[in-house]
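Residue strings, one per chain:
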Amino acid sequence: MSTRKAARPRGAVIALDLGATKLASAFFTGSGRPRAKRVVALKGRTGRAVGALVCREARRLRRAAAAEGLRTEAVGAAVPGIARADSGRVWAPNIPGWDDYPLRRELEAAAGGPEVPVVVDSDRAACILGEAWRGAARGCRHAVFLAVGTGIGAGILADGKVLRGAYDSAGAAGWLALSRPFQAEYGACGDFEYHASGEGLARAAARLLAQAAGYDGPLNLRRALSARDVFAAYEAGDVLAARVMRNAIEYWGAACANLVSLLNPETIVIGGGVFGPAARFLDAIAAEARRWGQPKAMQQVAFEVSRLGSDAALHGAAVLAREARLGPREAPGR
């Protein structure tokens, strides 16, 4: 009888990127490319229904990996809010019922037991880890990912490590105070986010539209506007949309100036669900930032558009999973 041990299956990590409106999921092997990727809309799900969807996708990916002879080594999940490192519970203000959601506990059961580590972190932290691994911040030890989407956040890499703060909320850049005087509307999401997120662009366009008597341009849609409407109107040469974008560029540039002056990064990467169509404004944003930022730091920093696009946080979730299994030094890109 042979005493040779059976070959141990090769490993994979599961990556989950939960947003305010959708869930992206995939598994990764050493190649660094997402496998069995799927994007599922939340479709109005709230509370435990969202948690059940996340766990369902984790189980799907376990089966998909096993079908290829791969064992699941770890699970990484990125969430749109604050992930508490000690408890694995999540505060996600854009998901009703997620004021203190026990996501890590639920994922541990879905992952296959205690031998499969699960880590949950903010999507902004995941974005900078993804870009540092396979994107625009590759090779950087000091970098910032400014995510502009439904909300605004900043993933911060300092000396090769994600800066999370004393209570896991570092990088809540939407609350940067860039305007005076304070307005009550800023209390819900922050000044910067109020003006320059996707919803902020739509809000600014609606405000200008209400003031533009006789306007009959492409933004006169007689329905709620979206950031997509603003970009489409800008493409069409609309003057009102151009005013909205000039205002947004000023906010994005001022925020970048503050981040560079405070953190002295090698690279600022700008991305997120809204920023794709705004990539053309990168040079204008950098020029605006240089007006305000610390001169030496501004001369040294590079401004980049995300190379991973909507997959930045998904790649970062894979890095989180590898770190949970192997430790930061052995994880990819570290």
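Let me begin by describing the structure that accompanies this report. The numbers attached to residues start from 1 for each chain and follow its sequence in the written order. Reporting of local features is limited, given that this is a predicted model, to residues whose pLDDT is at least 70; pairs of side-chain atoms are given and counted only at 80 or more, and all residues count toward the totals for whole chains, interfaces and linings. Excluding hydrogens and water, the side-chain values take into account all heavy atoms of the structure.

1. Here's the deal with the overall build of the protein
In terms of helices and strands, the protein carries 11 helices and 12 strands. Throughout, the radius of gyration refers to the C-alpha atoms, and the reference size of a globule is 2.2 Å times the residue count to the power 0.38. For 334 residues, the compact-globule estimate of 2.2 N^0.38 gives 20 Å, and the protein sits close to it at 21 Å. Relative to its full complement of 334 residues, the protein shows a buried share of 52%. A contact between two residues is defined here by any heavy atoms of the two lying within 4.5 Å. Taking all contacts inside the protein whose residues are at least 6 apart in sequence as the whole, residues at least 24 apart take part in 63%. Of the roughly 15800 Å² of accessible surface on the protein, a fraction of 51% belongs to carbon and sulfur atoms. The helix and strand labels rest on DSSP assignments: H or I over at least four residues marks a helix, E over at least two residues marks a strand, and numbering proceeds from the N terminus. Note on classification: 1.4 Å probe, protein chains only; a residue is buried when its accessible area is under 20% of the maximum for its type, exposed when over 50%, partly exposed between these limits. Computed with the Shrake-Rupley method and a 1.4 Å probe, the accessible areas treat only the protein chains shown as cover for residues.

2. Some details on the side chain of glutamate 288
Structurally, the position occupied by glutamate 288 is in helix H9 (residues 282-292). On the basis of relative accessible area, glutamate 288 is assigned to the buried category, the value being 11%. Here arginine 291 takes part through its side chain, which lies 3.1 Å from a polar atom of the side chain of glutamate 288. Those residues within four positions of glutamate 288 in sequence are excluded, and the remaining contacts are Ile249, Glu250, Gly253 and Ala254. The definition of a polar contact used here is a pair of N or O atoms within 3.5 Å, where within protein one atom must be able to donate a hydrogen and the other to accept one, and adjacent residues in sequence count solely through side-chain atom pairs.

3. Overview of the pattern of salt bridges
Here a salt bridge means any side-chain nitrogen of Lys or Arg lying within 4 Å of a carboxyl oxygen belonging to Asp or Glu. Throughout the structure, instances matching the rule amount to 15 salt bridges. The shortest N-O distance in the salt bridge between lysine 37 and aspartate 311 comes to 2.6 Å. Taken together, the positions of lysine 37 in strand E3 (residues 34-41) and aspartate 311 in the loop between strand E12 (302-305) and helix H11 (312-326) put the pair 274 residues apart, joining distant regions of the chain. One connected set of salt bridges, linked through shared partners, spans Arg38, Glu57 and Arg60.

4. Looking at helix H8 (residues 239-263)
Expected helix span is taken as 1.5 Å per residue step, with the number of steps being one fewer than the number of residues. For H8, built from 25 residues, the straight-helix expectation of 36 Å at 1.5 Å per residue is met to within 8% by its first-to-last C-alpha distance of 36 Å. The N-cap of H8, judged by a side-chain oxygen 3.2 Å from the amide nitrogen of leucine 240 a few residues on, is aspartate 238. Two residues or fewer past H8, asparagine 264 is found with a positive phi of approximately 50°.

5. Focus on the packing of helix H1 (residues 47-67) against helix H2 (residues 103-111)
Axis geometry follows a simple rule: fit a line to the C-alpha atoms, using only the stretch in contact for helices, then measure angles between N-to-C directions, giving values from 0 to 180 degrees. Closest axis-to-axis distance for the H1/H2 pair is 9 Å, and the angle between their directions is 30°. Here H1 is positioned roughly parallel relative to H2, judged by the angle of their axes. Crossing of H1 over H2 shows right-handed handedness. Within the contact between the two elements, H1 uses Arg48, Gly51, Val54, Cys55, Ala58, Arg59 and Arg62 and H2 uses Leu103, Glu106, Leu107, Ala110 and Ala111. A breakdown of the residues in the contact of H1 with H2 according to their chemical character gives seven nonpolar, one polar and four charged. What sets the label is the angle itself: under 35 degrees gives roughly parallel, over 145 gives roughly antiparallel, 65 to 115 gives roughly perpendicular, and the rest give oblique. Less than a right angle of anticlockwise turn of the near helix away from the far helix marks a crossing as left-handed, whereas a clockwise turn marks it as right-handed. In this classification, Asp, Glu, Lys and Arg are treated as charged, Ala, Val, Leu, Ile, Met, Phe, Trp, Tyr, Cys and Pro as nonpolar, and every other residue, Gly included, as polar.

6. A look at the sheet that holds strand E1 (residues 10-18)
In spatial order, the strands read E3-E2-E1-E4-E7; together these five strands make up an open sheet with mixed pairing. Two strands lie at the open edges of the sheet, namely E3 and strand E7 (118-122), each paired on one side alone. Taken over all neighbouring pairs, the strand axes of this sheet differ in orientation by 15° on average, direction set aside. Across the sheet, H2 touches E1, strand E4 (70-79) and E7, and the angle it forms with E7 is around 145°. Should DSSP find at least two bridges between two strands, the strands are regarded as paired.

7. Observations concerning the side chain of glutamate 131
On the secondary structure map, glutamate 131 appears in helix H3 (residues 123-134). Positive charge is attributed to Lys and Arg, negative charge to Asp and Glu, and no charge count is given to His or to the chain ends. We note that glutamate 131 is buried and unpaired, the nearest opposite charge coming from arginine 307 at a distance of 6.2 Å. Setting aside its immediate chain neighbours within four residues, glutamate 131 contacts Ala136, Ala137, Arg138, Phe145, Val269, Ser306, Arg307, Leu308, Gly309 and Ala312.

8. Considering unusual backbone geometry
With an omega of -5°, the peptide bond between arginine 180 and proline 181 qualifies as cis. The residue aspartate 168 is not glycine, and still its phi comes out positive at about 70°. Residue placement: aspartate 168 occurs in the loop between strand E10 (161-162) and helix H4 (186-189). Owing to a relative accessible area of 19%, aspartate 168 belongs among the buried residues under this scheme. One non-glycine residue with positive phi stands out, namely asparagine 264, at about 50°. Of note, asparagine 264 is situated in the loop between H8 and strand E11 (267-271). Overall, asparagine 264 belongs to the partly exposed group, its relative accessible area being 43%.

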